[in-house]
Number of protein chains: 2
Amino acid sequence: MKIGELSAATGCPIETIRYYEKEGLLPGAARSEGNYRIYNTSHRDRLTFIRRCRSLDMSLDEIHHLLLLQKTSGENCAGIDHVIEQHLSHVSERIRELQGLKRQLAELLAQCSAPGKTDDCGILKGLTGGSNEDKRGGHVPRTHR
Amino acid sequence: MKIGELSAATGCPIETIRYYEKEGLLPGAARSEGNYRIYNTSHRDRLTFIRRCRSLDMSLDEIHHLLLLQKTSGENCAGIDHVIEQHLSHVSERIRELQGLKRQLAELLAQCSAPGKTDDCGILKGLTGGSNEDKRGGHVPRTHR
DNA sequence: TTGAAACCCTGAAGCAACTCCAGAGTCAAG
DNA sequence: CTTGACTCTGGAGTTGCTTCAGGGTTTCAA
């Protein structure tokens, strides 16, 4: 199949397919006379795999790693298990961070509507470094993604 | 104060300070004879504000917007309230997405350890497009951050 | 057969929000 | 006067794509 058909079959945009090839995630395809890429079902399966991993928010590096393990470690599942576990802990970490943010944002909103008078916005005060307990030391490390 | 002092005072890296200036978030500083940037306390307050917003995971665009509102709408707090609310809903959305991912990853891990025999990894099967209900239609839109 | 539409190719640039680097100038202390 | 700490500018690198310019190829209908 040509790239457009692979794209239709997997839901992955054409440019992204070419990008994965350039990045070494997809092996280079055979070429037709007119220099068109020609794919087979194993390409399709691999692309499906990649897209599924991406939809789980794994980085291309993680996926790369997974593809290597898939090739080399014929039987033992441990390495793969480990990659997934690690990714899961990334995701959990990020959820915790975002829940912290959510709480802080809700507090800010409360500061705004709470006092009867709104001469100058409580939110702005909150943001400029006023009274919140953990204003320093914030700096969420932006772990991954 | 010079840029290094401002950096120390706010915890913001020097390069980032220059970057904010280039992006128009910080007004250009006065210059010394030797062409060093010279900052005052109002710069420091503004930078603190920006960093606090960033630590709440707002985009530079949102912060820009907020700074404009701060200048123009002397008294009414509504616009600012709105920006924060909208950002809060971004964050909530992202949390929901990540919780979905977390659930799927946990399922994958279960597939691995569940069967007594591990001839070929259940995780890999799960990832290559096998049996999970919502394998298509995934495509988390990566809303923002 | 021709010619227009639909498809494909490459390489480069753009996005966010920085970070890091090279190569050079400035300033304070010893 | 030299050393080292600090600062300057402009440009490239990061991630995972997307968009674009400027072409070639295939296919289908008139």
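All residue numbers here refer to positions counted from 1 along the written sequence of the relevant chain. For this description, chains carry letters from A and ligands carry numbers from 1, given in the order in which they are written. In view of the model being predicted, local features appear only for residues whose pLDDT reaches at least 70, and side-chain atom pairs are presented and counted only at 80 or more, with totals across whole chains, interfaces and linings using the full set of residues. Side-chain metrics rest on all non-hydrogen atoms present in the structure, leaving aside hydrogens and water.

Q: It is not clear to me how the protein's contact with DNA strand C should be interpreted in this structure. Could you clarify?
A: Around DNA strand C there are 20 residues in total, and G4, R18 and R37 of chain A together with T16 and R54 of chain B lie nearest to it. Close to the protein, within 4 Å, the atoms of DNA strand C belong to sugar or phosphate groups at a rate of 79%. R54 of chain B places a polar side-chain atom, nitrogen or oxygen, 2.7 Å from a phosphate oxygen of DNA strand C. Every element with two or more residues in the surface near DNA strand C is listed here: α1 (3–10) and α2 (14–22) of chain A together with α2 (14–22) and α3 (41–55) of chain B. The classification used treats Ala, Val, Leu, Ile, Met, Phe, Trp, Tyr, Cys and Pro as nonpolar, Asp, Glu, Lys and Arg as charged, and all other residues, Gly among them, as polar. Within the surface near DNA strand C, the residues separate by chemical class into 8 nonpolar, 5 polar and 7 charged. One heavy atom within 4 Å of a molecule or strand makes the whole residue count as near it. Polar contact criterion, stated in full: a pair of N or O atoms within 3.5 Å, where within protein one must be able to donate a hydrogen and the other to accept it, and residues adjacent in sequence count only if both atoms are side-chain atoms. Helical segments are the DSSP runs of H or I of at least four residues, strand segments are the runs of E of at least two, and each set is numbered from the N terminus.

Q: Would you mind showing me how to read the protein's contact with DNA strand D here?
A: Taken together, 20 residues form the shell around DNA strand D, and within it T16 and R54 of chain A together with G4, R18 and R37 of chain B come nearest. Taken together, the sugar and phosphate atoms account for 81% of what DNA strand D places within 4 Å of the protein. Residue R31 of chain B places a side-chain N or O atom 3.1 Å away from a phosphate oxygen belonging to DNA strand D. Broken down by secondary-structure element, the contributors of at least two residues to the surface near DNA strand D are α2 and α3 (41–55) of chain A together with α1 (3–10) and α2 of chain B. The element that contributes the greatest number of residues to the surface near DNA strand D is α2 of chain A, accounting for 4 residues. Taken together, the residues that form the surface near DNA strand D break down as 8 nonpolar, 5 polar and 7 charged.

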